[in-house]
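Listed below are the residues making up each chain.
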Amino acid sequence: MSTPIERFREILRIPTVSHVDESLVDTVAFDLLHDTIARLYPRVHDELEREVVAGHALLYRWRGTTPERPLVLMAHQDVVPVDPTEWRHPPFAAEISGEGADAEIHARGAIDDKGALVAILEAVEDALADGVVPAHDVYLAFGHNEETAGDGARAIAAVLEARGVRPDLVLDEGGAVVEGVLPGVAVPTAMVGVAERGVMTLTLTVHEAGGHASTPPSFPAPARLARAIGRLHRHPFPVRLAPPVRAMLATLAPHARGPLRPLLANLAVTAPLLARALPLAGPETNAIVRTTAVVTELDGAVGENVLATRARATVNVRLLTGDTVEAAIARVRRVVGDPAVEVELRQGSDPSPVSPWRGEPWRRIATAVADTLGTDVVTTPYLQLGASDSRWFTGISEHVYRFTPFHLTRAERDALHAPNERIRVGVWLRGIAFYGALIRAS
């Protein structure tokens, strides 16, 4: 009989890569993943009601004593593309290095997000084997294109809404157990996202007549575009402490050391100072206090000796809680300050509602953290910096949280969406225990 680690590695070897261009998606890999889940987790497959939504998203229902106030555990099946030449280990071989609990499993998706998906399946399979009947229904919601469109999870949320399902608790990927989240705070912290930033994509476009590069105009389209990009970079969005960030800082205040402690303990007075200081501590702390905008794609002429008839930049914007798509567009146009630069919205969604960090659903998460991940771990509210499939569930539940129960180092977090993604064996196994505790408390 296979072990949890062997089952995890088998699923990691399936290259369920998502692409913005869906014609590039290997749907056979997703079919294989579904068949493998059914084979490796027979109790889940036989005892839970399973349906396929929107092509390859999976929704399971585990009937409890009552259908009221159900628990929804989320994860996604897809992973981002890879360049194998940049990896120390083949990205879909799921090789293991080292020994014991500190051994590392190297694979795309080890953390994002098959680590959570398989840990959830392991926890449910174990509970079924023990004869557990949850007090409330438990749903497993596994989207198939979170890294791109996210419409798999959106379709699942629509199915549940149509059936009148109102979850008492929704838990998706998000923050992890980390250390050193702020200078002077040494305790391990479970960063539970109570909200996530909005996400939008803008295009900046400049048009001109074109022609031969030997006779350029005085101010060609790429130069005008570069000036606009420079203005955006020199004039970032203003800083402020949104409510989830204030709550995080207040929670961490008793655990701070040195000069940071009085600053965190007196937020009513020090909030403006902290909002200005946090960007200096690094990209993550900068992103929790302001809407961010960064150019991610550039394109221009079709040849090296051809003047561009169109120069275009793609700008990825992440909206801080309280900001809106409409206001961000207006500000970008103001900062660019050039009517010859077209600013267009390609897609966008406002920040999510903020879930409460008090009450029974929150306590269930905090208790599961203490019971399985360590009594020294401080559970704190957190503003999720990236988007997740959970945003589609805020319309059917007021208690949507984002937390992945793995204790991750800085280097492990940096490998998400980058080469050499990996997770330690002991860390992953403790994650199974966390989901098990949450299920049994449902």
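Quick caveat, the model's predicted, so the values are computed rather than measured.

Procedures and definitions
Residues numbered from 1 in each chain as written. Predicted model: local features only at pLDDT ≥ 70, side-chain atom pairs only at ≥ 80, totals over all residues. Heavy atoms only, no water. UniProt positions renumbered as here; feature names shortened; annotations may be inferred. Helix = DSSP H or I, 4+ residues; strand = E, 2+ residues; numbered from the N terminus. Salt bridge = Lys/Arg side-chain N within 4 Å of Asp/Glu carboxyl O. Buried < 20%, exposed > 50% of the residue type's maximum accessible area, 1.4 Å probe, protein only. Core = buried A, V, L, I, M, F, W, Y, C linked by side-chain atoms within 4.5 Å. Contact = heavy atoms within 4.5 Å. Pairing = 2+ DSSP bridges. Phe/Tyr/Trp six-rings, centres within 6.5 Å; stacked < 30°, edge-to-face > 60°. Lys NZ or Arg CZ within 6 Å of the ring centre and 35° of its normal. Axes fitted to C-alpha atoms, helices over the stretch in contact; angles between N-to-C directions. Arc of directions from axis to C-beta. Expected span 1.5 Å × (residues − 1). Parallel < 35°, antiparallel > 145°, perpendicular 65-115°, else oblique. Left-handed = near helix turned anticlockwise from the far one by under 90°. Nonpolar A, V, L, I, M, F, W, Y, C, P; charged D, E, K, R; others polar.

## A word on the UniProt feature "domain: Peptidase M20 dimerisation" (unreviewed entry) in the protein chain
In this numbering, the UniProt entry assigns the feature "domain: Peptidase M20 dimerisation" (unreviewed entry) to residues 194-342. Spanning residues 194-342, this segment combines 39% helix with 24% strand, and its end C-alpha atoms are found 35 Å apart.

## Considerations on the pattern of salt bridges
Across all of its chains, the model carries 21 salt bridges by this definition. Residue Glu196 pairs with Arg402 through a salt bridge whose shortest N-O separation is 2.9 Å. Taken together, the residues Glu196 in strand E8 (residues 189-196) and Arg402 in strand E16 (residues 400-407) connect sequence positions 206 residues apart. Accessibility expressed as a relative area gives 0% for Arg402, which makes it buried. A salt bridge links Glu284 to Arg410, with the shortest nitrogen-to-oxygen separation between them at 3.1 Å. Taken together, the positions of Glu284 in helix H10 (residues 283-287) and Arg410 in helix H13 (residues 410-414) put the pair 126 residues apart, joining distant regions of the chain. When its relative accessible area of 37% is taken as the criterion, Glu284 is described as partly exposed.

## Concerning the nonpolar core
By size, the foremost hydrophobic cluster in this structure holds 91 residues, and its most contacted members are Leu140, Leu249 and Phe434. Ranked by residues supplied to this core, first place goes to helix H4 (residues 114-129) with 10 residues. Once residues lying within four places of it in the same chain are set aside, the contact partners of Leu140 are Leu48, Leu58, Leu59, Tyr60, Leu73, Ile120, Leu121 and Val124.

## Digging into the pairing of strand E7 (residues 169-178)
Extensive coverage of E7 is indicated by the burial of nine of its 10 residues. Here three bridges tie strand E3 (residues 66-76) to E7, and the two strands are oriented parallel to one another. Pairing of Leu73 across the sheet is with Leu171, part of E7. As paired elements, E7 and E16 share five bridges and run parallel to each other. If you follow Val177 over to E16, its bridge partner there is His407. Relative to E8, E7 runs antiparallel, the two being bridged by two bridges. For Val177, the partnering residue across the bridge sits in E8 and is Ala190.

## A few points about the packing of aromatic side chains
Geometrically, a pair of aromatic rings is defined through the distance of the ring centres and the angle of the planes. Tallied over the full model, the rule gives five aromatic pairs. Note on Phe434 and Tyr435: the rings are 5.5 Å apart at their centroids and 75° apart in plane angle, and the pair reads as edge-to-face. Per residue, the accessibility class of Phe434 equals that of Tyr435, and both read buried. Feature note: the residues Phe403, Phe434 and Tyr435 constitute an aromatic cluster, connected by ring pairs. The residue whose ring lies beneath Arg331 is Phe237, and the NZ or CZ to ring-centre distance is 4.7 Å.

## Looking at the sheet that holds strand E5 (residues 104-106)
In spatial order, the strands read E4-E5-E17; together these three strands make up an open sheet with antiparallel pairing. Either end of the sheet is taken by a strand with one partner, and the two such strands are strand E4 (95-97) and strand E17 (422-424). Sheet twist, expressed as the mean angle between neighbouring strand axes with direction ignored, is 25°. Summarising the sheet, E5 and E17 pair through three bridges and their orientation is antiparallel. Along E17, the bridge assignment pairs His106 with Arg422.

## Observations regarding helix H9 (residues 267-277)
If you check which residues of H9 are buried, you get Leu267, Thr270, Ala271, Leu274 and Ala275. Projected down its long axis, H9 carries its buried residues within an arc of 150°, all on one side. With respect to the buried face of H9, the exposed residues turned more than 90 degrees away are Val269 and Arg276. Buried-residue contacts for H9 involve helix H7 (243-252) and helix H8 (260-265).

## Concerning helix H5 (residues 151-162)
Here H5 contains 12 residues, and its C-alpha end-to-end distance of 16 Å stays within 8% of the 16 Å for a straight helix at 1.5 Å per residue. Within H5, the full set of buried residues consists of Gly152, Ala153, Ile156, Ala157, Val159 and Leu160. For H5, the angular spread of buried residues about the axis comes to 155°, placing them on one side. Turned more than 90 degrees off the buried face of H5, the exposed positions are Glu161 and Ala162. Each element contacted by the buried residues of H5 is listed here: strand E1 (49-53), strand E2 (57-62), E3 and strand E6 (136-143). Downstream of H5 by one or two residues, Gly164 has phi in the positive range, about 75°.

## Focus on the packing of helix H1 (residues 4-12) against H4
Running from N to C, H1 and H4 cross one another at 135°; their axes reach a closest spacing of 10 Å. Viewed along their axes, H1 and H4 adopt a mutual orientation that is oblique. For the pair H1 and H4, the crossing hand works out as right-handed. Residue-level inspection shows Pro4, Arg7, Phe8, Ile11 and Leu12 of H1 in contact with H4, the latter providing Lys114, Gly115, Val118 and Glu122. A class-by-class count of the residues in the contact of H1 with H4 yields five nonpolar, one polar and three charged.

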